[in-house]
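Structural overview for review
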Amino acid sequence: MGIQDIIEGKKQWRAHVARVKALPPDYRIVYKEMQKYLFKVGPVDLADGPLLSGIVDFFEEGAASGKGVLEVIGEDVAAFCDELIKDTPTYADVYQESLDGRSGTAGK
């Protein structure tokens, strides 16, 4: 990763944050909670992948249609997040696989 890649990444992240700040307050609050949750349990490629920007796209559409954030995602924010990442390897999966790999050699 070169310096240009780092600069471009920062520009993209700042643009993303600006889009989040432009969301209505209820959407912004839920987005931040989702972001915390996903950074804790989320997919390995969260920082590089399209998930966060896709959520902002989805939220922008919901806000533009005049719906409240819970009308768009439902009452259970964590369940919504889990559904988004259900087929994506998470850090927890990677950790569990590393434990499973070691447990087979522990007694030998």
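Residues numbered from 1 in each chain as written. Predicted model: local features only at pLDDT ≥ 70, side-chain atom pairs only at ≥ 80, totals over all residues. Heavy atoms only, no water.

Focus: the packing of aromatic side chains
The description of an aromatic ring pair uses the distance of the two centres, along with the angle that the planes make with each other. All told, the structure shown has 3 aromatic pairs when counted by the stated rule. Geometrically, the ring pair formed by F58 and F59 is tilted, given 6.4 Å between the ring centres and 35 degrees between the ring planes. Taking the relative accessible area as the measure of exposure, F58 reaches 33% and is therefore partly exposed. Overall, F59 belongs to the buried group, its relative accessible area being 0%. Pairing F58 with F80 gives two aromatic rings, centres 6.1 Å apart and planes at 15 degrees, and the pair type is stacked. Note that F58 is positioned in helix 3 (residues 51-64) and F80 in helix 5 (residues 77-84), a separation of 22 residues in sequence. For F80, a relative accessible area of 18% gives the class buried. (Phe/Tyr/Trp six-rings, centres within 6.5 Å; stacked < 30°, edge-to-face > 60°. Buried < 20%, exposed > 50% of the residue type's maximum accessible area, 1.4 Å probe, protein only. Helix = DSSP H or I, 4+ residues; strand = E, 2+ residues; numbered from the N terminus.)

Notes on the pattern of salt bridges
Going through the model one piece at a time under the given rule, you end up with 4 salt bridges. With a shortest N-O distance of 2.3 Å, R19 and D57 are connected by a salt bridge. Here D57 lies in helix 3 and R19 lies in helix 1 (residues 3-21), a separation of 38 residues in the sequence. With a shortest N-O distance of 2.7 Å, K86 and E83 are connected by a salt bridge. Residue K86 is classed as exposed on the basis of its relative accessible area of 53%. In the salt-bridge network here, residues are joined through shared partners; they are R19, D57 and E60. (Salt bridge = Lys/Arg side-chain N within 4 Å of Asp/Glu carboxyl O.)

Topic: the packing of helix 1 against helix 2 (residues 25-41)
Where helix 1 meets helix 2, the axes come as close as 9 Å, and the angle between the chain directions of the two elements is 135 degrees. For the element pair helix 1 / helix 2, the angle class is oblique. Contact residues: W13, H16, V20 and K21 in helix 1; R28, Y31 and Q35 in helix 2. Residues of the contact of helix 1 with helix 2, tallied by class, amount to 3 nonpolar, 2 polar and 2 charged. (Axes fitted to C-alpha atoms, helices over the stretch in contact; angles between N-to-C directions. Parallel < 35°, antiparallel > 145°, perpendicular 65-115°, else oblique. Contact = heavy atoms within 4.5 Å. Nonpolar A, V, L, I, M, F, W, Y, C, P; charged D, E, K, R; others polar.)

Considering the nonpolar core
Ranked by internal contacts, the top residues of the largest apolar core, which has 19 residues, are Y31, M34, L38, I55 and F59. Sorting the residues of this core by element identifies helix 2, helix 3, helix 4 (69-73) and helix 5 as the ones contributing at least two each. Not counting chain neighbours up to four residues away, the residues in contact with I55 comprise Y31, M34, L38 and L84. (Core = buried A, V, L, I, M, F, W, Y, C linked by side-chain atoms within 4.5 Å.)

Focus on the packing of helix 2 against helix 3
Geometrically, a packed helix pair is captured by the angle between its two axes and the distance between the axes. In contact at an axis separation of 11 Å, helix 2 and helix 3 are set at 160 degrees when each is read in the N-to-C sense. Put simply, helix 2 runs roughly antiparallel to helix 3. Regarding helix 2 and helix 3, the two cross each other, and that crossing is right-handed. For the pair formed by helix 2 and helix 3, the contact residues are Y27, V30, Y31, M34, L38 and F39 on the first element and L51, L52, I55, V56, F59, G62 and A63 on the second. Here the contact of helix 2 with helix 3 is composed, by residue class, of 12 nonpolar, 1 polar and no charged. (Left-handed = near helix turned anticlockwise from the far one by under 90°.)

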